[in-house]
Amino acid sequence: MQNSSVGAHIREHREKAGLTQAQLAEAVFATRQTVGNWERGATLPDIQSLQLLAGVFGVTVDELLGGDADELAREAANDRRVLMRSFIMEWVNILVIICVGLARSALRELGMSWSAYQGYSMVLGIIQWTVMLYMLFAVAGRDRVRRARDLVNATDIVAFLEGRASADELPRDWFYRWVLTKVNWWRWGIVAVLLVCFVAMGMGATRSIA
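Cut-offs used in this document
- Residues numbered from 1 in each chain as written.
- Predicted model: local features only at pLDDT ≥ 70, side-chain atom pairs only at ≥ 80, totals over all residues.
- Heavy atoms only, no water.
- Core = buried A, V, L, I, M, F, W, Y, C linked by side-chain atoms within 4.5 Å.
- Buried < 20%, exposed > 50% of the residue type's maximum accessible area, 1.4 Å probe, protein only.
- Helix = DSSP H or I, 4+ residues; strand = E, 2+ residues; numbered from the N terminus.
- Phe/Tyr/Trp six-rings, centres within 6.5 Å; stacked < 30°, edge-to-face > 60°.
- Lys NZ or Arg CZ within 6 Å of the ring centre and 35° of its normal.
- Salt bridge = Lys/Arg side-chain N within 4 Å of Asp/Glu carboxyl O.
- Axes fitted to C-alpha atoms, helices over the stretch in contact; angles between N-to-C directions.
- Parallel < 35°, antiparallel > 145°, perpendicular 65-115°, else oblique.
- Left-handed = near helix turned anticlockwise from the far one by under 90°.
- Nonpolar A, V, L, I, M, F, W, Y, C, P; charged D, E, K, R; others polar.

### Brief notes about the nonpolar core
Next, step 1: Ranked by internal contacts, the top residues of the largest apolar core, which has 14 residues, are I10, L24, W38, L50, L53 and L64.
Next, step 2: Broken down by secondary-structure element, the contributors of at least two residues to this core are α1 (3-17), α2 (21-27), α3 (32-40), α4 (47-57) and α5 (61-65).
Next, step 3: For this core, the element with the most residues is α4, which contributes 3 residues.
Next, step 4: Counting residues in each nonpolar core, the second largest holds 12 residues, with L124, V131, A138 and V139 among its members.

Shown next, in the form of structure tokens:
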């Protein structure tokens, strides 16, 4: 099943229903740009969006897709896997940075020579940069999915991961209020704390080894 064929079906049903792209977008909790991407074949709607579209048009999902929804289910599952992998790698990267910092601190306490310390530190640096590069590839995949699925912020991403039609369906609990809506604060706060800690540790290392 090609994206363009799905887009053609959506456009055909929309025009038959006498709806504009903006009106259809409002009915399925999407943006006009998202509907335009669907109709051009740039992206595929997920299962939840398809169910909403079918309801608006008064047809079944299979009729809307021409009888095959398996590809959409696979694509949605793959995109969710990409998102989860990127989040896991971000936290793994943070843990590796902390562990490398602690390992360097432990090496300094052993009282080894500066050349030996540099050798071990280089190995730790290679490990750290390898994990970071893998994380960057994972984040690049996440950005691709975000653009394709029109996931603007953290609430949109969580709604997609949970299989909800839109972020409006998310429960307004403490996780929503203090984590999802402030995820960038948490991310940059952690980065700032790590930078301060490692600058302080680096200054301490220079004084102790010198």
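Next comes the rest of the description.
### A closer look at the packing of aromatic side chains
Next, step 1: The full count for this structure, using the stated rule, is 1 aromatic pair.
Next, step 2: Both rings, one in W114 and one in Y117, keep their centres 5.7 Å apart while their planes meet at 25°; by these two values the pair is stacked. Taken together, the residues span about one helical turn, with W114 and Y117 both in helix α7 (residues 114-149) at a distance of 3 residues.
Next, step 3: Under the relative-accessibility criterion, Y117 is labelled buried at 8%.
Next, step 4: For the cation-ring pair, R80 lies above F160, with the distance from its terminal atom to the ring centre recorded as 4.5 Å.

### Examining the pattern of salt bridges
Next, step 1: For the structure on display, the rule yields 2 salt bridges.
Next, step 2: Of the charged contacts in the structure, one is a salt bridge between R14 and E39, with a shortest N-O distance of 2.5 Å. Pair noted here: R14 is in helix α1 and E39 is in helix α3, with a separation of 25 residues, a long-range link. For the residue pair R14 and E39, the accessibility class agrees, reading buried in each case.
Next, step 3: The residue E90 makes a salt bridge to R142 at a minimum N-O spacing of 3.1 Å. Of this pair, E90 sits in helix α6 (residues 70-109) while R142 sits in helix α7, placing them 52 residues apart in sequence. By the burial criterion, E90 is buried, and R142 matches it.

### Points about α3
Next, step 1: The set of residues buried in α3 consists of T34, V35, G36, N37, W38 and E39.
Next, step 2: Two residues or fewer past α3, G41 is found with a positive phi of approximately 85°.

### So, the packing of α6 against α7
Next, step 1: Packing of α6 against α7 brings their axes to within 8 Å, and their N-to-C directions diverge by 160°. When the axis of α6 is compared with that of α7, the two are roughly antiparallel. Crossing angle aside, the handedness with which α6 passes α7 is left-handed.
Next, step 2: Split into classes, the residues belonging to the contact of α6 with α7 amount to 21 nonpolar, 6 polar and 9 charged.

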